Amino acid sequence: MMENKGGNSDEEYASKSKQSNVLPLWGNERTMNLNPLILTNIQSSHYFKVNLYELKTYHEVVDEIYYKVNHLEPWEKGSRRTSGQTGMCGGVRGVGAGGIVSTAYCLLYKLFTLKLTRKQVNGLINHCDSPYIRALGFMYIRYTLPPKDLLEWYEDYLEDEEELDVKAGGGQVMTIGTMLRQWLVKLEWFSTLFPRIPVPIQQKIQKHLEVRFPPYAIKAAAAAAAAAAAATAATTTTNERPRNTDRERNDWSRDRDRHSVREDIRRDFLRDNERERRRDRYRDDRRHDKKVRERSRERDRERDRSPHRDREYSKHRKGHHR
């Protein structure tokens, strides 16, 4: 009996550990709780449908984030116009006008299609190669996991000092800790909204932050973020963040190689297609000539079998003998 009990407890422990690796999804499990306009642009973008379709594994997507993501806005710089729009069509809600959806949000939705496990999400938020890999892990948590679990996930990183530039085109640098505190207390993120946190949970989060970070510190951080945003709007392109030229050079060479391969494939396809069309035309011409010859032979046979032709031929012979 003791052995059976021990066996059952081992099985229960194994099943619990297996279930603990599966993350519960909160909200809309089809849209990832994304803004409908952003989701539509992601699903219709060439980058998501073609480039990201080829990525089948978690590690391939992580590598793509390392090479391609350099900000966390939902739209690429200068691709979306919101001037003259107000209310629900304004820039905050992201409903009025679309643009070129950012690589970051395409990869975020690609992560959602992989249905990440707890271990994989922990691997993202603790990744040592790029702050943008970590940031997309935290953003995945903010969009998909139950609000009651947010503080538990973010707790150990609220004072993280690693910096990243979150603005498209550069100019708004913040620490990961500041970013996470902002995500816990504010719904707005550039031109979109995070999922709404229920009021009781939001009050509990707010009290926790006020105890750990005094209100004046939170207000000072918010004022600093607003000042940085205003300064960015007033500056010129000279304040853009420095580029990683080595990475861009590698990306350019790889894109060039892919482009040359696609050009070769396209050339071969066009040549084969033209060859097939010529072969089809030649085959159709031969069939047409064969049909013409067969009709001509058939007319000759009909004429030879005609009784009128025999009478005319006999009359012609009689007249010749006379």
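Remember, predicted model here, so these are calculated numbers, not experimental data. (Residues numbered from 1 in each chain as written. Predicted model: local features only at pLDDT ≥ 70, side-chain atom pairs only at ≥ 80, totals over all residues. Heavy atoms only, no water.)

### Looking at the overall build of the chain
For step 1, the next point in the chain: The helix and strand tally for the chain stands at 13 helices and four strands.
For step 2, the next point in the chain: Burial analysis of the chain (322 residues in total) assigns 31% to the buried set.
For step 3, the next point in the chain: Counted over contacts in the chain with a minimum sequence separation of 6, partners at least 24 positions apart contribute 70%.
For step 4, the next point in the chain: Counting only carbon and sulfur atoms, one obtains 52% of the accessible surface of the chain, whose full area is about 21,100 Å². (Helix = DSSP H or I, 4+ residues; strand = E, 2+ residues; numbered from the N terminus. Buried < 20%, exposed > 50% of the residue type's maximum accessible area, 1.4 Å probe, protein only. Contact = heavy atoms within 4.5 Å. Areas by Shrake-Rupley, 256 points an atom, 1.4 Å probe, with all protein chains shown as cover.)

### Quick look at the side chain of T103
For step 1, the next point in the chain: With respect to the element layout, T103 can be found in helix α5 (residues 103–113).
For step 2, the next point in the chain: T103 gets classed as buried once you look at its relative accessible area, which sits at 18%.

### What about the packing of aromatic side chains?
For step 1, the next point in the chain: Tallying each qualifying case throughout the model produces eleven aromatic pairs.
For step 2, the next point in the chain: Of note, K115 hangs over the ring of F112, and the distance from its end group to the ring centre comes to 4.3 Å.
For step 3, the next point in the chain: Lying across the ring of F213, R181 places its NZ or CZ 4.6 Å from the centre. (Phe/Tyr/Trp six-rings, centres within 6.5 Å; stacked < 30°, edge-to-face > 60°. Lys NZ or Arg CZ within 6 Å of the ring centre and 35° of its normal.)

### Looking at the nonpolar core
Side chains of nonpolar character tend, in soluble globular proteins, to be buried together.
For step 1, the next point in the chain: Core analysis: the biggest nonpolar cluster contains 60 residues, and L72, Y105, L136, M139 and M179 have the highest contact counts within it.
For step 2, the next point in the chain: Top element by residues in this core is helix α7 (residues 131–144). It accounts for nine residues.
For step 3, the next point in the chain: Aside from chain neighbours lying at most four places away, what touches L136 is I65, V69, L72, A104, L107, L108 and L111. (Core = buried A, V, L, I, M, F, W, Y, C linked by side-chain atoms within 4.5 Å.)

### So, a positive patch on the surface
For step 1, the next point in the chain: On the surface, R286, K290, R293 and R297 cluster together into a patch of positive charge.
For step 2, the next point in the chain: Tracing the backbone shows K290 in helix α12 (residues 245–305). (Patch = residues over 30% accessible without salt bridge, like charges linked within 9 Å, V, L, I, M, F, W, Y side chains within 5 Å. Salt bridge = Lys/Arg side-chain N within 4 Å of Asp/Glu carboxyl O. Lys, Arg positive; Asp, Glu negative; His and termini not counted. Charge placed at Lys NZ, Arg CZ, Asp CG, Glu CD.)

### Here we look at the packing of helix α4 (residues 58–68) against α5
For step 1, the next point in the chain: Contact pair α4 / α5: the axes reach a minimum separation of 11 Å and the direction vectors enclose 170 degrees. Comparing the axis directions of α4 and α5 gives the class roughly antiparallel. Between α4 and α5, the contacting residues are V61, E64, I65 and K68 on the first element and T103, L107, K110 and L111 on the second.
For step 2, the next point in the chain: Grouping the amino acids of the contact of α4 with α5 by side-chain chemistry returns four nonpolar, one polar and three charged. (Axes fitted to C-alpha atoms, helices over the stretch in contact; angles between N-to-C directions. Parallel < 35°, antiparallel > 145°, perpendicular 65-115°, else oblique. Nonpolar A, V, L, I, M, F, W, Y, C, P; charged D, E, K, R; others polar.)

### Description of unusual backbone geometry
For step 1, the next point in the chain: Phi is positive for M32, which is not a glycine, with a value near 65 degrees.
For step 2, the next point in the chain: Secondary-structure assignment places M32 in the loop between α1 (2–20) and α2 (36–44).
For step 3, the next point in the chain: Backbone geometry places K115, a non-glycine residue, at a positive phi of 50 degrees.
For step 4, the next point in the chain: Along the chain, the position of K115 falls in the loop between α5 and α6 (118–125).

### Looking at the environment of P195
For step 1, the next point in the chain: Residue placement: P195 occurs in the loop between β4 (192–193) and α10 (199–212).
For step 2, the next point in the chain: Accessibility expressed as a relative area gives 8% for P195, which makes it buried.
For step 3, the next point in the chain: Remark: the alpha-carbon pair of P195 and N33, spanning 162 residues in sequence, is separated by 6.4 Å.
For step 4, the next point in the chain: Once residues within four sequence positions are removed from consideration, P195 is found in contact with W26, N33, R142, Y143 and L187.

### What to know about the confidence of the model for the chain
For step 1, the next point in the chain: Mean pLDDT over the chain works out to 79, with 67% of the residues at or above the 70 mark.
For step 2, the next point in the chain: Confidence drops under pLDDT 50 across residues 83–96; counting only partners more than four residues distant or on other chains, this segment forms 29 contacts.
For step 3, the next point in the chain: Segment residues 236–241: pLDDT under 50, and eight contacts once partners within four positions in sequence are set aside and those in other chains are kept. (pLDDT = per-residue confidence, 0-100.)

### A short note on the packing of α2 against α5
For step 1, the next point in the chain: In the contact formed by α2 and α5, the axes pass within 10 Å of each other and the chain directions differ by 85 degrees. In terms of orientation, α2 and α5 fall into the roughly perpendicular class. Facing I38, L39, I42 and Q43 of α2, the residues of α5 in contact are Y105, C106 and Y109.
For step 2, the next point in the chain: Taken together, the residues of the contact of α2 with α5 break down into six nonpolar, one polar and no charged.

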